[in-house]
Amino acid sequence: MNYALIVYATGFFSLGIQPMNALLVPLWAVALNAPPALLGLAVSAVSLLPILLSISSGALVDELGSKRVLLLCATVMALLAPLYPLIPSIYALIGLQLLFGIMQSMAWIASQTLLVGSKVQAQKPHAGTYSFASNLGTFIGPLLLGVLWDHLGPTGAFSAVSVWSGLLLLVTFLLPAAEPDGTVVQQTRFIQQLLPNWRDYRKAFSLLAIPTVVIVMYGTFLRLSSSAIRGSFYLVYLEQLKFSATVISLLYSSIALASIFSPLFIRSFHRFLSSYQLLFLAGILAILPLCLVPLFEQFWPILGLSLLTGFGVGLTLPLLISLLSQAVNPAEQGLAAGLREMFNRLAATSLPFGFGVLVEGVGLQASFLIVAVLLLLPMAGFVPYSLGKRDIRGSGKRSDFKHEID
């Protein structure tokens, strides 16, 4: 089987499992009659360990290789998912979320490292197609679970997550035995390597001395902040408008649907904009239309704004991956992906809480606008750097980067 197709499949399954978990856990916590505080803790618990261990996870991928990490993570997730409905306790749910979260985070890091690790040009995956496949997983997975939850209940829905993880395991088995670049993978104990190592963290944070890496981390925070808003107070506002569940589901899914196709336009946009400028434009689209939603109450304007947001979110992933892969040495790709994942999880946990504090103080509509300003204001400091920047290797040719994301 073609190597690039396998890499795309790992992106489809490893990223798709994240919104599947995000959809099921609140539903299950409500079914358990969990109080709001414990429900919130169960939702956020999935990101707690990745915040602490993402960099170690990236170092582990560099050490053991993406295939071995994916095999382990897919196996553990396939075994954990059926336990959710079998142990009907909110405390068990929180504990399962802690372990499931680090496994899904490591699987996503390993898949991204596969994308940038191949040195076989004939089989080299492209970030644009990879982003298309990954975003497709985030659209199909949650839709599938919604149907299964209605017809088969929690057991059927969580069993589907187990099957989805099993398919990731099957796809991973198809990867070559050795890493694509021919690197010899060293043997080491998994748990020992996963525990935080100060040298790995110092090495990862030293990457922030590279301006491109800082821009990528900011873009990463914008991307995940958009997702965090969509999964929290965007839904709260739609419920306040008394939309039916079907309409809310359609509006929510429209963002993921638009993000599937937008990466296919990147090559055309590169005729007019550098990669940095395109990333900033994508960041604005990912945040601003979503935060303007509370200014409207009709379905069609909200749908239009949601589609714009999804289009921007979809553009960000291939740009972030490609910029980071070119800015960082090949031997540190897993570490860089771990650093980006840490910023992902920081956004996913910090923004909903901060948004909630704002809502209590100034109300829902004003909070959307304030959050938009706070998220986009740092961009003013990066734009002057990007204006004279054509590509990060300094060749002055946009085409050098453009081919990376076709």
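Quick caveat: nothing in here was measured; it's all calculated off a predicted structure. (Residues numbered from 1 in each chain as written. Predicted model: local features only at pLDDT ≥ 70, side-chain atom pairs only at ≥ 80, totals over all residues. Heavy atoms only, no water.)

Engineer: Let's hear about the overall build of the chain: which residues, and what values?
Structural biologist: Looking only at helices and strands, the chain features 18 helices and zero strands. In the chain, which comprises 406 residues, the share counted as buried stands at 55%. Long-range pairs, those at least 24 residues apart, make up 86% of the contacts in the chain between residues at least 6 apart in sequence. Approximately 16,900 Å² of the chain is accessible, and the part contributed by carbon and sulfur atoms is 68%. (Helix = DSSP H or I, 4+ residues; strand = E, 2+ residues; numbered from the N terminus. Buried < 20%, exposed > 50% of the residue type's maximum accessible area, 1.4 Å probe, protein only. Contact = heavy atoms within 4.5 Å. Areas by Shrake-Rupley, 256 points an atom, 1.4 Å probe, with all protein chains shown as cover.)

Engineer: Account for the environment of Leu 96, naming residues and giving values.
Structural biologist: With respect to the secondary-structure elements, Leu 96 resides in helix α5 (residues 90-117). Those residues within four positions of Leu 96 in sequence are excluded, and the remaining contacts are Leu 80, Leu 83 and Tyr 84.

Engineer: So, a nonpolar patch on the surface: which residues are in play, and what are the values?
Structural biologist: Nonpolar side chains collect at one region of the surface, where Leu 257, Phe 261, Leu 264 and Phe 265 lie side by side and expose about 370 Å² of accessible area between them. The topology assignment puts Phe 265 in the loop between α11 (245-261) and α12 (266-269). Residue classification places Phe 265 among the partly exposed positions, given a relative accessible area of 42%. (Patch = residues over 30% accessible without salt bridge, like charges linked within 9 Å, V, L, I, M, F, W, Y side chains within 5 Å. Salt bridge = Lys/Arg side-chain N within 4 Å of Asp/Glu carboxyl O.)

Engineer: Residues and numbers for the packing of aromatic side chains, please.
Structural biologist: For the structure shown, the criterion picks out 12 aromatic pairs. Between Phe 132 and Phe 261, the aromatic rings sit 5.9 Å apart at their centres with planes inclined by 65 degrees, giving edge-to-face as the arrangement. Of this pair, Phe 132 sits in helix α6 (residues 127-173) while Phe 261 sits in helix α11; the two residues are 129 residues apart in sequence, bridging distant segments of the chain. Members of the aromatic cluster, each reached through a chain of ring pairs, are Trp 28, Tyr 84, Phe 100 and Phe 158. (Phe/Tyr/Trp six-rings, centres within 6.5 Å; stacked < 30°, edge-to-face > 60°.)

Engineer: Can you explain the nonpolar core? Please cite residues and give values.
Structural biologist: One finds Val 69, Ile 90, Leu 93, Leu 145 and Val 161 to be the most contacted residues of the largest nonpolar core, which totals 64 residues. Grouped together as the second largest cluster of nonpolar side chains are 55 residues, Ile 215, Ile 287, Leu 303 and Phe 355 included. (Core = buried A, V, L, I, M, F, W, Y, C linked by side-chain atoms within 4.5 Å.)

Engineer: How would you summarise the packing of α6 against helix α14 (residues 299-327) if you had to cite specific residues and measurements?
Structural biologist: Across the interface, α6 lies against α14 with an axial gap of 9 Å and an inter-helix angle of 135 degrees. Here α6 is positioned oblique relative to α14, judged by the angle of their axes. The handedness of the crossing between α6 and α14 is right-handed. Facing Ala 127, Gly 128, Tyr 130, Ser 131, Ser 134 and Asn 135 of α6, the residues of α14 in contact are Gly 314, Leu 317, Pro 318, Ile 321 and Ser 322. (Axes fitted to C-alpha atoms, helices over the stretch in contact; angles between N-to-C directions. Parallel < 35°, antiparallel > 145°, perpendicular 65-115°, else oblique. Left-handed = near helix turned anticlockwise from the far one by under 90°.)

Engineer: Could you give an account of the environment of Ser 89, naming the residues involved and the relevant values?
Structural biologist: As for its position among the elements, Ser 89 is in the loop between α4 (83-86) and α5. Judged by its relative accessible area of 25%, Ser 89 falls in the partly exposed class. Along the sequence, Ser 89 and Ala 29 sit 60 residues apart, while their C-alpha atoms lie 8.7 Å from each other.

Engineer: I'd like a description of the side chain of Gln 97, backed by residues and values.
Structural biologist: Counting through the fold element by element, Gln 97 comes out in helix α5. Given the relative accessible area of 0%, Gln 97 is considered buried. Here Tyr 84 takes part through its side chain, which lies 2.8 Å from a polar atom of the side chain of Gln 97. Those residues in contact with Gln 97 that lie beyond four places of it in its chain are Asn 21, Val 25, Ala 42, Val 43, Ala 45, Val 46 and Tyr 84. (Polar contact = N/O pair within 3.5 Å; in protein donor to acceptor, adjacent residues only side chain to side chain.)

Engineer: Please set out helix α13 (residues 275-292) residue by residue, giving values where relevant.
Structural biologist: Between its first and last C-alpha atoms α13 spans 26 Å; for 18 residues at 1.5 Å apiece the expected length is 26 Å, and the two agree. For α13, the buried fraction is high: 14 of the 18 residues fall into the buried class. (Expected span 1.5 Å × (residues − 1).)

Engineer: Give a detailed account of the confidence of the model for the chain, specifying residues and quantitative values.
Structural biologist: With 82% of its residues at a pLDDT of at least 70, the chain reaches an overall mean of 79. When pLDDT is averaged over each element of the chain, α4 comes out on top at 94 and helix α18 (residues 398-402) at the bottom at 40. For the stretch residues 179-188, pLDDT sits under 50, and the model shows 21 contacts to residues farther than four places along the chain or on other chains. Predicted confidence for residues 392-406 stays below pLDDT 50, and this span has 44 contacts to residues more than four positions away or in other chains. (pLDDT = per-residue confidence, 0-100.)

Engineer: Tell me about the packing of helix α9 (residues 211-230) against α13, and please be specific about residues and values.
Structural biologist: As a packed pair, α9 and α13 sit with axes 10 Å apart at the nearest point and diverge in direction by 20 degrees. Our classification of the angle between α9 and α13 gives roughly parallel. For the crossing formed where α9 meets α13, the hand is left-handed. When α9 is examined against α13, the residues Thr 212, Ile 215, Leu 222, Ser 225, Ser 226, Ile 229 and Arg 230 are found in contact with a partner set consisting of Tyr 276, Leu 279, Phe 280, Gly 283, Ala 286, Ile 287, Leu 290 and Cys 291. Residue composition of the contact of α9 with α13, by class: 10 nonpolar, four polar and one charged. (Nonpolar A, V, L, I, M, F, W, Y, C, P; charged D, E, K, R; others polar.)

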